Amino acid sequence: NGALGEVWNEEMSSSMLGKRLRKVVQNYQAMNKYGVHYPGPESAAHRSKLSGPELLCQIKKMVQIATLTPDMEPFSGFPWASQLPPRQITTDIGPFKTCAVVSSAGSLKNSGLGKEIDAHDAVIRFNAAPTTGFEKDVGSKTTVRLINSQVMASEDHHFLSSSLYSAGILVSWDPGPYSSDLREWFNKTDYPIFKQYQRYRRLHPQQPFYILHPRMEWQLWQRIQDNMVETIQKNPPSSGLLGTVLMMSLCDVVHVYEFLPSRRKTELCHYYQRFSDAACTLGAYHPLLYEKNLVKRMNKGSDHDIYTHGKVTLPGFMTFNC
Ligand code: C5P
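In short, a report on the structure.

Our next topic: the nonpolar core. Judged by nonpolar contacts, the single largest core of 64 residues is most densely connected at Val171 and Met247. Setting aside anything within four residues of it in sequence, one finds Val171 in contact with Ile89, Val144, Arg145, Leu146, Ile147, Phe209, Tyr210, Leu212 and Leu246. Of all hydrophobic cores here, the second largest spans 31 residues; its members include Leu68, Trp80, Ala128 and Val151.

Encoded structure:
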């Protein structure tokens, strides 16, 4: 692999980070904003490491992809519950043959991957990632856009009026408490996701718009922690990993672009902004470093694909039995 250059090492640990970022990660590792209680890595350290296929089976079995529906408590008691889609997203859309997950990483810049990305049956993008003006590198098709509640709430994203959010199916998420009690979450969201959801639905009633059940975040978080030797940040996984697992439940095969950085790896945070920070790729708040270790272990594609295209290949949950 020498001539190829380095690709993501699945044994990445916080000790390999620069001093400043290591400190930030350690601070987050010591915080516990969401009341996470989990046996932690002591138990994991003594078990033998799971193979990629075993890991895929674990995630398939233990992570339930669900969206909020009007019959769920406490929402069923609210008049606006009728704005929620009556069925699960997994019932309403797909199955797709091949899907692309487009991370927002700076390394997509000058990648020329747009045509390849658009050739997929479905494409998921994240948060404020635009296509206009970046088609050559990221394509123009948007089937699903996964957005966090911060983007929905922050003044500078103009979520309610920007045309950026009008293409495709919207799916939003907000970090819930570890207990995954919907009532508790409703009273204590990180950002006003429900207020913004209701406003957006009134302005754009025709666009499909789902809200992820927060239980999924923590089920996925447990799979990450359970398979790492280190204690990871007690914060939910990044939008990128949530979207990847969502697409694994909708597609036969999922190609993830520039989540594991290619030879174009850069400290540029997003392909669409001039801001640079290694934390965007390596994680600070999110356990992103460990998410990437997990994805590297599950990858069915080659290191060469990672090196040249930043591309990982994951099988859809419907295509394998455990
Ligand atoms: O920054 P944002 O969350 O909008 O980016 C979407 C996703 O792309 C992230 O949640 C993360 O999974 C991935 N990403 C990355 N490296 C970057 C920027 C984003 O892996 N430099």
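That covers the picture; the talk isn't over yet.
The next point concerns the state of the cysteines. Counted according to the given criterion, the structure contains 3 disulfides. Between the sulfur of Cys99 and that of Cys251 lies a disulfide, 1.9 Å long from S to S. Torsion about the S-S bond of the Cys99 and Cys251 cystine: about -90 degrees, corresponding to left-handed handedness. Residue Cys99 is located in strand 1 (residues 96-102), and its partner Cys251 is located in strand 6 (residues 251-257); the two are separated by 152 residues in the primary sequence. Side by side, Cys99 and Cys251 carry an identical accessibility label, which is buried. With its disulfide-bonded cysteines labelled consecutively along the sequence, the protein chain is connected as 1-6, 2-3, 4-5.

With that settled, the discussion passes to the site of the ligand. Around the ligand there are 15 residues in total, and Asn127, Ser238, His270, Thr281 and Lys292 lie nearest to it. A distance of 3.3 Å separates an oxygen atom of the ligand from a polar atom in the backbone of Ser239. Interatomic distance of 3.3 Å between a backbone N/O atom of Cys280 and a nitrogen atom of the ligand. Relative to its unbound accessible surface of 440 Å², the ligand loses 90% to contact with the protein. Elements with a minimum of two residues in the shell around the ligand: helix 11 (239-248), helix 12 (279-282) and helix 13 (288-298). Looking at the shell around the ligand, its residues break down into 6 nonpolar, 8 polar and 1 charged.

Looking only at helix 9 (residues 193-203), the buried set comprises Ile193, Phe194, Gln196, Tyr197, Gln198, Tyr200 and Arg201. Summarising the contacts, the buried residues of helix 9 are in contact with helix 7 (149-153), strand 4 (169-173), helix 8 (182-186) and strand 5 (209-211).

One way to put it is that helix 3 (residues 52-62) packs onto helix 13 with a least axis distance of 8 Å and a crossing angle of 115 degrees. Of the residues in helix 13, those touching helix 3 at Gly52, Leu55, Leu56 and Ile59 are Leu294, Arg297 and Met298. In the contact of helix 3 with helix 13, the residues fall into 5 nonpolar, 1 polar and 1 charged.

Before going further, it helps to examine the pattern of salt bridges. Applying the stated criterion across every chain yields a total of 11 salt bridges. Between Arg183 and Glu73 there is a salt bridge, with its nearest N and O atoms 3.4 Å apart. Here Arg183, found in helix 8, pairs with Glu73, found in the loop between helix 3 and helix 4 (89-92); they are 110 residues apart in sequence, far enough to count as distant. Taking relative accessible area as the criterion, Arg183 reaches 46% and is therefore assigned partly exposed. Between Arg87 and Asp92 there is a salt bridge; the shortest N-O distance is 2.7 Å. Linked through salt bridges whose partners overlap, the residues forming this network are Glu10, Glu11, Lys49 and Arg297.

About the cut-offs
Residues numbered from 1 in each chain as written. Predicted model: local features only at pLDDT ≥ 70, side-chain atom pairs only at ≥ 80, totals over all residues. Heavy atoms only, no water. Core = buried A, V, L, I, M, F, W, Y, C linked by side-chain atoms within 4.5 Å. Buried < 20%, exposed > 50% of the residue type's maximum accessible area, 1.4 Å probe, protein only. Contact = heavy atoms within 4.5 Å. Disulfide = S-S within 2.5 Å. Helix = DSSP H or I, 4+ residues; strand = E, 2+ residues; numbered from the N terminus. Near = heavy atom within 4 Å. Polar contact = N/O pair within 3.5 Å; in protein donor to acceptor, adjacent residues only side chain to side chain. Areas by Shrake-Rupley, 256 points an atom, 1.4 Å probe, with all protein chains shown as cover. Nonpolar A, V, L, I, M, F, W, Y, C, P; charged D, E, K, R; others polar. Axes fitted to C-alpha atoms, helices over the stretch in contact; angles between N-to-C directions. Salt bridge = Lys/Arg side-chain N within 4 Å of Asp/Glu carboxyl O.

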